[in-house]
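Commentary on secondary and tertiary structure
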Amino acid sequence: MSKNKNTYICQSCGAAAPKWSGQCMQCGEWNTIAEEIAAESIAYQGYAGREASIAKMSDIAVEDTVRQSAGSQELDRVLGGGIIMGSAILIGGDPGIGKSTILLQTIAHLSQSLDVLYVTGEESPQQVTLRARRLGLPEEKVWLLADTEIERILQQAQKQKPRVLVIDSIQTMHTTALHSAPGSVGQVRESAMQLVTFAKQTQTALFIVGHVTKDGHLAGPRVLEHMVDTVLYFEGEQDSRYRMLRAVKNRFGAVNELGIFAMTEKGLREVNHPSAIFLSRYEQPVAGSIITATKEGSRPLLIEVQALVDQSHMANPRRLCVGLDAQRLSMLLAILHRHSGLATHGLDVFANVVGGMQILETSADLPILFAILSSFRNKPLPANLIVFGEVGLAGEIRPVTGGQDRLKEAAKHGFTVAIVPKANATQTEHSMQLHPVATLKEALQKLDAFWI
Ligand code: TYD
Ligand code: MG
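Residues numbered from 1 in each chain as written. Chains lettered and ligands numbered in written order. Predicted model: local features only at pLDDT ≥ 70, side-chain atom pairs only at ≥ 80, totals over all residues. Heavy atoms only, no water.

Here the focus is the environment of E74. Structurally, the position occupied by E74 is in helix α1 (residues 73-79). For E74, a relative accessible area of 1% puts it in the buried group. In sequence terms E74 and M331 are 257 residues apart; their C-alpha atoms lie 34 Å from each other. Each residue touching E74, except ones within four places of it in the same chain, is listed here: L258, G259, I260, F261, E270, V271 and R299. Polar side-chain contacts of E74 include one of 3.1 Å to the side chain of R77. There is a polar contact of 2.7 Å between the side chain of E74 and the backbone nitrogen of I260. (Helix = DSSP H or I, 4+ residues; strand = E, 2+ residues; numbered from the N terminus. Buried < 20%, exposed > 50% of the residue type's maximum accessible area, 1.4 Å probe, protein only. Contact = heavy atoms within 4.5 Å. Polar contact = N/O pair within 3.5 Å; in protein donor to acceptor, adjacent residues only side chain to side chain.)

Printed below as a string of structure tokens:
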């Protein structure tokens, strides 16, 4: 390919530019122009073109997808039951969160039964080996390659024919087809494209590591997420030893599936009873804290939600969320005002999910409101109370999925009283005293019996 064939395309409106610039002249967006390999224009060939083949769905042969265990129940769960050959898996997360560690552990396990190749663009082979040794991983069959040029890497891969290929990380990779620097939008996308094509053609399982920028997006284009089959994100706080791996996209399984690990001196270990780690053990119940049962993916999880309501000294009172959606908090405060009369205009409201977890689903609405009320009144709620439910704009309490699973998990951990949406209270967990509610008003009335 001739080197001067490349063009610069705005990723927002698709306009072509002769050279890179900070702003697109067509649509005015900033930082959207990326280098691309110019495609040869193909003249319309009409009916004389190549005949495409169509087939009936029933005639398409589908082999049973065989899943290879990654050697960890938690990782298998997030992947939808194991690794599928020929699939491309992107693992994103902050630097230092454990992406290289989990892949090294996985690939060392897989090397026992398959040919594997670990391509490192960030660390030297010595560093990788040192880590593997420290973790006590089997090293004899793990092939390493320290390189950053996609063409050379694929050449090696074509020779060695690994069944599993790890690229750590995509931001360090570059293809000779483009002039731009490694890590730029064009480079990341083009490199990933070549890798994914290789994986599909050779039925190799491909793991790509991607770093995340400060605003939480994968550095480089979001299109990376469209090119791969599965996108996994590491969540968790740097100072907490727990790490959550979440599937945000999966062509071969459910999304929002969570895998929970603990970072130890011997690498990442699975956490088998995750509910226990997110529950704080207070000697006395404290104000502003409540336990809810979430269901991220297929597994119910008990999590503590905290709120702090305080006099504000600012013109615009603060609404701050950690692990929750801030927009949703504002909405909930408006609903609370309308349906209970509690005005928070002059108050700062902070909400937090304990343990670095993120709650993406709406079942945390009711517990957040209860935590806010508890902090506002400076009165605790009983420690054996569990709450979940979505709150609608009209003040109605909407049912959530998997109510029974949530109640079961709560009962398992010794909770005996539950305030839940009416529609979720059809079958009872025998040890659980259920309080079904249909509206926020009703829920607040019920709550009056519980204040300590
Ligand atoms: P790493 O996998 O290198 O992160 P990433 O590839 O996502 O940037 O993880 C590095 C962090 O994990 C580092 O802060 C040290 C910590 N760690 C442990 O605590 N124990 C271990 O056994 C290993 C290998 C790393
Ligand atoms: Mg790394």
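Around ligand 1 sit 16 residues in total, of which G96, K99, S100, T101 and T264 are the nearest. In the environment of ligand 1, an oxygen atom lies 2.6 Å from a nitrogen or oxygen atom belonging to the backbone of G96. Note that an oxygen atom of ligand 1 is positioned 2.6 Å from one of the side-chain N or O atoms of S100. When isolated, ligand 1 has an accessible area of 560 Å², and the protein chains bury 73% of it. Contributing elements (two or more residues each) for the shell around ligand 1: α2 (99-110), α3 (125-134) and β13 (258-264). (Near = heavy atom within 4 Å. Areas by Shrake-Rupley, 256 points an atom, 1.4 Å probe, with all protein chains shown as cover.)

Glancing now at the sheet that holds strand β3 (residues 33-36). Here we have three strands laid out as an open sheet, ordered β2-β1-β3, and antiparallel in their pairing. Every interior strand has two partners, whereas the edge strands, β2 (16-17) and β3, have only one. Across two bridges, the pairing between strand β1 (residues 7-10) and β2 is antiparallel. Of the residues in β2, the one forming a bridge with Y8 is A17. (Pairing = 2+ DSSP bridges.)

With that settled, the discussion passes to α2. In this model, α2 (twelve residues) spans 16 Å end to end at C-alpha, consistent with the 16 Å of a helix rising 1.5 Å per residue. For α2, the buried fraction is high: eleven of the twelve residues fall into the buried class. Among the residues of α2, K99, S100, T101, I102, L103, L104, Q105, T106, I107, A108 and L110 are the ones counted as buried. (Expected span 1.5 Å × (residues − 1).)

Turning to the domain arrangement of the protein chain, a few remarks are in order. Under the domain assignment used here, the protein chain contains domain 1 (6-37), domain 2 (68-272) and domain 3 (277-447). If you average the C-alpha positions of domain 1 and of domain 2, the two centres end up 30 Å apart. At the junction of the two partners, domain 1 supplies six residues and domain 2 supplies eight residues. Across the domain 1/domain 2 interface, buried area totals approximately 590 Å², and carbon plus sulfur atoms make up 49% of it. (Domains from an automatic or database assignment. Buried area = accessible area lost by both parts, 1.4 Å probe.)

What follows covers the pairing of β13. Within β13, five of the seven residues are buried, which leaves it mostly tucked inside the rest of the structure. With five bridges connecting them, strand β12 (residues 242-250) and β13 associate as antiparallel partners. Across the sheet, the residue bridging to R243 is F261, located in β13. As judged from the four bridges shared by β13 and strand β14 (residues 267-270), these two strands associate in the antiparallel manner. By the bridge assignment, F261 is partnered in β14 with E270. Here β13 hands over to β14 after two residues, the two strands then running antiparallel side by side.

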